[in-house]
Amino acid sequence: MLVPGIGLAGQFAFQSSTVLIIGCGGLGCPVALYLAAAGVGKLRVCDADTVESSNLPRQILHKESSLGLNKAKSIAQSCAEINSSVKVEIIESLVTVDNILHLMEEVDVIVDATDNVVTRYLINDAAAIKKIPLVSGAALGWDGQVSVFTFNKTSPCYRCLYPQPPPASAVTNCDLAGVIGPVTGLIGSLQALQVLRILAQLHPAFTDSLLNFSGTETDKLFRQLKLRPRNPNCIACGDEGIDGIYNSETGKLKLDYIQFCGGQAQDDKNPDLNLLTADDRITCEEFKDLLDAHKSNSSLLIIDVRPANQFEFCSIAGSLAIPIDTLSSQKDSILQLAQNSSEIVFICRRGNDSQLAVQQFKHLLLGKRVRDLIGGLRAWAKLIDTEMPIY
């Protein structure tokens, strides 16, 4: 209340406001923490995921005691400990075309704290239809970015900048590529700051710009990029109206966002490729039997196609590390290694890159049985070797 521009009126504005936070992970945690501490009256938090130990380095409101708990529930518990007067409405589901507009009812600001393209477009379009400010953030590796969309009649929406989604093969996220915890803390804090400015009726930053943060470029920690103004031809916020994405009869968005983006919302986090027949795949239980059967000979060749840094901290005994992006250049070496093997099993983290490897080498290894491990090392650690670290 002592901060210029906030005062008693601003504090009451916080107390009477509702903020929708979609995503209760690395970004959603600091957003919820600071909004609850600031006295925002109601938080509507949405996430279908549960807390895993691998979340804890960056998702700071979740604790070891929260493992297995829905993330929205976990955040609600933490917020109640910070400020018992804040009301937290828990949504334990994915956002979809069926519920997104309902979730935005009586909401003053929306926070996109997700990490997948499908949900990002879905949230953006719904926010544009509802004309609600959208505070968007992203973090990956050492880098992050923040922007505020659909704030006023001139500020662009996310679709104005990216009318078409990137190719599915170019999409990655924290779960696949990793992120440094303080980066999500910084970006989430900046998101919370913009929310408070909006609620206090102060003009937020980044309504016509994108703030990029780099945790490695010390001379360019922050770079603010000027964005093009709102696209009058945008199907979400343009002058022609929203008939292209909104069905007024059903009151729902009518785009198929899965088809538009080339994958399910959860695919960005837990991709589940299905490229091979059952004969070309092996379960964890079958693979364990295969390992036992080949202990006395070397006719089984196991190739781990994960990046070298992942192989360093856990692997299956006897496996060879040949990263997926080096398979082509090492084709001759692999064929030579396979000469004395009757069985070749490719493994990776989740059982996706290993399928690509089988596709690449099956026709080159005629007479050999070439398969991939279903579910990869994540499944192996869960079903067979419970001492193996899950990451």
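Draft legend 1. How the structure looks around the packing of helix 2 (residues 28-38) against helix 3 (residues 71-82). The interhelical angle for the contact between helix 2 and helix 3, taken along N-to-C directions, is 30°, at an axis separation of 9 Å. In terms of axis orientation, helix 2 runs roughly parallel to helix 3. The two elements helix 2 and helix 3 meet at a crossing, and its hand is right-handed. Two secondary-structure elements touch here, helix 2 through Gly-28, Cys-29, Ala-32, Leu-33, Ala-36 and Ala-37 and helix 3 through Ile-75, Cys-79 and Ile-82. Split by residue class, the contact of helix 2 with helix 3 holds eight nonpolar, one polar and no charged.

Draft legend 2. Representation of the packing of helix 2 against helix 8 (residues 181-199) in the model. At a closest axis distance of 7 Å, the pairing of helix 2 and helix 8 adopts a crossing angle of 40°. In this view, helix 2 runs oblique relative to helix 8, as classed from their interaxial angle. Crossing angle aside, the handedness with which helix 2 passes helix 8 is right-handed. Within the contact between the two elements, helix 2 uses Pro-30, Val-31, Tyr-34, Leu-35 and Ala-38 and helix 8 uses Thr-184, Gly-185, Gly-188, Ser-189, Gln-191, Ala-192, Val-195 and Leu-196. When the residues that make up the contact of helix 2 with helix 8 are grouped by side-chain class, the tally is eight nonpolar, five polar and no charged.

Draft legend 3. Spotlight on the nonpolar core. Formed by 40 residues in total, the largest nonpolar core has its most connected members in Val-19, Ile-21, Leu-35 and Leu-43. Residue contributions to this core peak at eight residues, all from helix 8. Ranked by size, the runner-up nonpolar core spans 36 residues in total, among them Leu-20, Cys-46, Ile-129 and Cys-237.

Reading the values: rules and limits
Residues numbered from 1 in each chain as written. Predicted model: local features only at pLDDT ≥ 70, side-chain atom pairs only at ≥ 80, totals over all residues. Heavy atoms only, no water. Axes fitted to C-alpha atoms, helices over the stretch in contact; angles between N-to-C directions. Helix = DSSP H or I, 4+ residues; strand = E, 2+ residues; numbered from the N terminus. Parallel < 35°, antiparallel > 145°, perpendicular 65-115°, else oblique. Left-handed = near helix turned anticlockwise from the far one by under 90°. Contact = heavy atoms within 4.5 Å. Nonpolar A, V, L, I, M, F, W, Y, C, P; charged D, E, K, R; others polar. Core = buried A, V, L, I, M, F, W, Y, C linked by side-chain atoms within 4.5 Å. Buried < 20%, exposed > 50% of the residue type's maximum accessible area, 1.4 Å probe, protein only.

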